[in-house]
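# Chains, contacts and geometry: an overview
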Amino acid sequence: MSEAAVEPRWRRLPEERPKQILDAALAVFAERGLAAARLDDIAKLAGLSKGTIYLYFPNKEELFREVIRSSVIAFIANAEEYFEAEKDPMSSLLKWMEGYWSWLRSPIFPAMHRMITSELHSFPDLAIFYATEVIERAQRLVRGMLERGMDAGVFRRMDPLVAARMLSALFVSHGIWYHQRNGIKSIAGTPDDELLSHIREFFLNAMRPDAIQHA
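The structure contained in this document is the topic of the report that follows. Quick caveat, the model's predicted, so the values are computed rather than measured.

This part takes up the packing of helix H7 (residues 124-151) against helix H8 (residues 160-178). Two elements in contact, H7 and H8, have axes whose closest approach is 8 Å; the angle formed by their N-to-C orientations is 120 degrees. By the angle class used here, H7 and H8 are oblique. In this structure, H7 crosses over H8, and the sense of that crossing is right-handed. Facing H7, whose interface residues are Gln139, Val142, Arg143, Leu146, Glu147 and Met150, H8 presents Pro160, Leu161, Ala163, Ala164, Arg165 and Leu167.

Quick look at the structure:
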């Protein structure tokens, strides 16, 4: 094994340290939750001193914000750029669905979901941050895709924010079930791409321009 391969974490380049800290923070948050997570444990897992963390992040709350920024908010930002460049509403929505499903299947999602649903009420500033920067921002993006599709006659006309919320509910519920799939018999043996197809077909059928006539 080469010398570089066994180089201790504390000897890595300074520009690598923020990612080391964020990766360790996510692991500790996932295992212990936000309230019980300690900077000492994050520093130990990152192979750094607690003082080094303070060079980059002033406190645990800001560290949590940066974990969110570097994961789910980064995904939303990339999707916003794609939406601005891709003018076809169906292509934009299908690309969003594919990326969103990939995010929900990642190990980051269940850890984040547990913290958000069970702990953020104890951290009002973080709850506002998450609601504004993640939930509302993502819904604005999807609402824009749907509005563009409604204007083009691709989707039936309805409140686009309601439609965006319904789409989010479909994905999040399936994301939760995906990580518990051994206990959810109806999807236990269903391939990942087939689950995405189920969500996609259900939503697009509901949004067909002639859906009202067939209702």
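Once that is clear, we can look at the nonpolar core. Judged by nonpolar contacts, the single largest core of 62 residues is most densely connected at Ile42, Leu93 and Phe203. Broken down by secondary-structure element, the contributors of at least two residues to this core are helix H1 (17-36), helix H2 (39-46), helix H4 (60-85), helix H5 (89-105), helix H6 (108-118), H7, H8 and helix H9 (192-206). Leave out the neighbours within four places in its chain, and Leu93 touches Val142, Met145, Leu146, Phe155, Leu167, Phe203 and Leu204.

Next up on the list: the packing of aromatic side chains. Summed over the entire model, instances satisfying the criterion amount to seven aromatic pairs. When the ring of Tyr100 is compared with that of Phe171, the centres are 5.2 Å apart and the planes differ by 45 degrees; the resulting orientation is tilted. Residue Tyr100 is located in helix H5, and its partner Phe171 is located in helix H8; the two are separated by 71 residues in the primary sequence. Residue class for Tyr100 comes out buried when judged on its relative accessible area of 13%.

Attention shifts here to H7. For H7, built from 28 residues, the straight-helix expectation of 40 Å at 1.5 Å per residue is met to within 8% by its first-to-last C-alpha distance of 38 Å. The largest bend along H7 measures about 30 degrees and falls at Ala131. Gly153, located one to two residues past H7, shows a positive phi value of around 80 degrees.

Each value, and the rule that gives it
- Position numbers for residues count from 1 along each chain, tracking the sequence in the order it is written.
- Thresholds applied to this predicted model are a pLDDT of at least 70 for local features of residues and 80 or more for the giving and counting of side-chain atom pairs; totals over whole chains, interfaces and linings are not thresholded and use all residues.
- Side-chain measures were taken over the full set of non-hydrogen atoms in the model, leaving aside hydrogen atoms and water.
- Only C-alpha atoms enter the line fits that serve as axes; for helices the fit covers just the stretch in contact. Angles between N-to-C directions range over 0 to 180 degrees.
- The helix and strand labels rest on DSSP assignments: H or I over at least four residues marks a helix, E over at least two residues marks a strand, and numbering proceeds from the N terminus.
- Angle categories: roughly parallel below 35 degrees, roughly antiparallel above 145, roughly perpendicular from 65 to 115, and oblique for all the rest.
- Should the near helix be turned counterclockwise from the far one by less than a right angle, the crossing is left-handed, whereas a clockwise turn marks it as right-handed.
- Only heavy atoms enter the contact rule, under which two residues are in contact if any of them lie within 4.5 Å.
- We define a nonpolar core as any set of buried Ala, Val, Leu, Ile, Met, Phe, Trp, Tyr and Cys residues linked to one another through side-chain atoms lying within 4.5 Å.
- Classification of residues uses two cut-offs on accessible area relative to the type maximum, computed with a 1.4 Å probe and protein chains only: under 20% is buried, over 50% is exposed, and between them is partly exposed.
- Centres within 6.5 Å make a pair out of two Phe, Tyr or Trp rings, where for Trp the six-membered ring is used; the pair is then stacked when the planes are under 30 degrees apart, edge-to-face when over 60, and tilted otherwise.
- Expected helix span is taken as 1.5 Å per residue step, with the number of steps being one fewer than the number of residues.
- What the bend at a residue measures is the angle between two axes, fitted to the seven residues ending there and to the seven starting there.

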